[in-house]
Amino acid sequence: MSLHVLKHPLAAHVMTHLRDKTTRPATFRTLAYQIGQLLAIEATRDLATKEKPIETPLEPFTGQVLARSLVIVPILRAGLGMMQPFLDLFPDVSVGYVGLERDHETAVARSYYCKLPPLAGTRVLVVDPMLATGGSAANALSVVKEAGAKELSFVCIVSSPEGVETVQSAHPDVPIFTAAHDRGLNDRKYILPGLGDFGDRLYGT
Ligand code: PRP
Ligand code: URA
């Protein structure tokens, strides 16, 4: 099991503006798209490829193309803010949805929606910007495994040590990709320094 933290000057730049409380929703959505692109590249470095013989204008050539289809599963609602970069980058991507919402008092995630494509034989990326207690991520990964997924990764924008620990103990086979690994949680289970409530900032609610 592994934790991968993005190390790139552009990632640091984008994260600083995402964290800034004066950043308005329109800019916040653009920044979420940009960090999502960097994470999408990082989280798919090991995708399997297969040979494809083609002809260049000058001679025959054997290239590589992606061997398997990719499934992206955003956790509603904030995960939608990370979906578009994956759709734009990968040609044959399917989308599944898992709807989870944290109770504001207990911070425990409640499931309210699930719609998944066939998952057998695919590579699945579950995406959710905030890995706080880890309850939502661990729950979503279980749902996706029960639906047949065997090869999964979890991709987030900000993680906490508590969230990583929860996911790693429930799903030791699932690598975690994050743009920032933060200090911890406050008494309301928000990540510190974090960026606040991602869904609210994304949608101006
Ligand atoms: C946020 C976030 C994660 C969850 C993380 O969603 O998008 O899904 O909290 O917290 P956890 O690691 O403690 O479970 P939220 O429940 O606020 O719902 P939303 O996406 O609809 O805003
Ligand atoms: N969900 C968020 O949107 N932000 C946090 O810091 C924790 C959970």
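Scroll up a little and you will see the structure.
Along each chain, residue indices are assigned from 1 in the same order as the chain's sequence is written. Chains carry letters and ligands carry numbers; both start at the beginning, A for chains and 1 for ligands, and go up in the order they are written. Residue-level local features of this predicted model are given only where pLDDT is at least 70; pairs of side-chain atoms are given and counted only at 80 or more, and the full residue set underlies all totals for whole chains, interfaces and linings. The side-chain quantities take in all heavy atoms of the structure and omit both hydrogens and water.

Per the convention used, a helix needs a DSSP run of H or I reaching at least four residues, while a strand needs a run of E reaching at least two, with both numbered from the N terminus. Of the regular secondary structure elements, the protein chain holds six helices and 13 strands. Relative to the globule expectation of 17 Å for 205 residues, the C-alpha radius of gyration of the protein chain, 17 Å, shows essentially globular dimensions. When the backbone C-alpha atoms are referred to their principal axes, the protein chain occupies close to 65 × 35 × 30 Å. Relative accessible area decides the class of each residue, using a 1.4 Å probe on protein chains only: under 20% of the type maximum gives buried, over 50% gives exposed, and in between gives partly exposed. Going through the 205 residues of the protein chain one by one, you find that 45% of them count as buried. Radius of gyration: C-alpha atoms only; globule rule: 2.2 Å multiplied by the number of residues to the exponent 0.38.

Glancing now at helix α2 (residues 25-43). The span expected for a helix works out to 1.5 Å for each residue beyond the first. Relative to the 27 Å expected for 19 residues at 1.5 Å per residue, α2 spans 26 Å between its end C-alpha atoms, a close match to the ideal helical length. Among the residues of α2, F28, L31, A32, I35, G36, L38, L39, A40 and A43 are the ones counted as buried. We call two residues in contact when some of their heavy atoms are within 4.5 Å. Elements in contact with the buried residues of α2: α1 (9-19), α3 (83-89), β8 (123-127), β10 (151-159), β11 (176-181) and α6 (198-203).

Around ligand 1 sit 14 residues in total, of which R102, D128, T133, G134 and S136 are the nearest. G134 is positioned such that a nitrogen or oxygen atom in its backbone is 2.8 Å from an oxygen atom of ligand 1. We define a polar contact as two N or O atoms separated by no more than 3.5 Å, with the added condition that, inside protein, one atom must be a possible hydrogen donor and the other a possible acceptor, whereas residues neighbouring each other in sequence contribute only through side-chain atom pairs. Within the side chain of S136, a nitrogen or oxygen atom sits 2.5 Å from an oxygen atom of ligand 1. Note on areas: Shrake-Rupley with a 1.4 Å probe; residue coverage comes only from the protein chains shown. The protein chains hide 93% of the 500 Å² of surface that ligand 1 would expose on its own. Looking at the shell around ligand 1, the elements with two or more residues in it are β6 (97-102), β9 (130-131) and α4 (135-146). Taken together, the residues of the shell around ligand 1 break down into five nonpolar, five polar and four charged. Working definition: residue near molecule or strand if any one of its non-hydrogen atoms lies within 4 Å of it. Each residue is assigned to one class: nonpolar for Ala, Val, Leu, Ile, Met, Phe, Trp, Tyr, Cys and Pro, charged for Asp, Glu, Lys and Arg, and polar for all the others, Gly among them.

The peptide bond linking L76 to R77 adopts the cis configuration, its omega dihedral lying at 0°. Along the chain, the position of R77 falls in the loop between β4 (70-76) and α3. Its identity is not glycine, yet A107 carries a phi of approximately 65°, on the positive side. In this structure, A107 sits in the loop between β6 and β7 (109-115). Looking at A107, the relative accessible area reads 9%, which means it is buried. You will see that K189, though not glycine, has its phi angle at about 65°, which is positive. Tracing the backbone shows K189 in the loop between β12 (184-185) and β13 (191-192).

Okay, the packing of α1 against α2 next. The axes used here are C-alpha line fits, helices contributing only the stretch in contact, and every angle between their N-to-C directions lies in the interval 0 to 180 degrees. Relative orientation of the contacting elements α1 and α2 amounts to 150°, with a least axis distance of 10 Å. Relative to α2, the element α1 lies roughly antiparallel. Taken as a pair, α1 and α2 cross one another with a handedness that is left-handed. Across the interface between the two elements, L10, A11, V14, M15, H17 and L18 from α1 touch F28, L31, A32, Q34, I35 and L38 from α2. Orientation is classified from the angle alone, with under 35 degrees giving roughly parallel, over 145 giving roughly antiparallel, 65 to 115 giving roughly perpendicular, and any other angle giving oblique. Left-handed describes a crossing whose near helix is turned anticlockwise from the far helix through less than a right angle; right-handed describes the clockwise counterpart.

Ring pairs are drawn from Phe, Tyr and Trp, using the six-membered ring of Trp, whenever the two centres fall within 6.5 Å, and their geometry is named by plane angle: stacked under 30 degrees, edge-to-face over 60, tilted for the rest. Here the structure, examined in full by the defined rule, presents one aromatic pair. Here the aromatic rings of F28 and F198 are separated by 4.9 Å at their centres, their planes lie at 65°, and the arrangement is edge-to-face. Residue F28 is found in helix α2, and its partner F198 is found in helix α6; the two are separated by 170 residues along the sequence. Each member of the pair, F28 as well as F198, is classed as buried. One Lys or Arg, R102, reaches over the ring of Y190 and ends 5.4 Å from the middle of that ring. By definition, being over a ring means that NZ of Lys or CZ of Arg is both within 6 Å of the ring centre and within 35 degrees of the ring normal.

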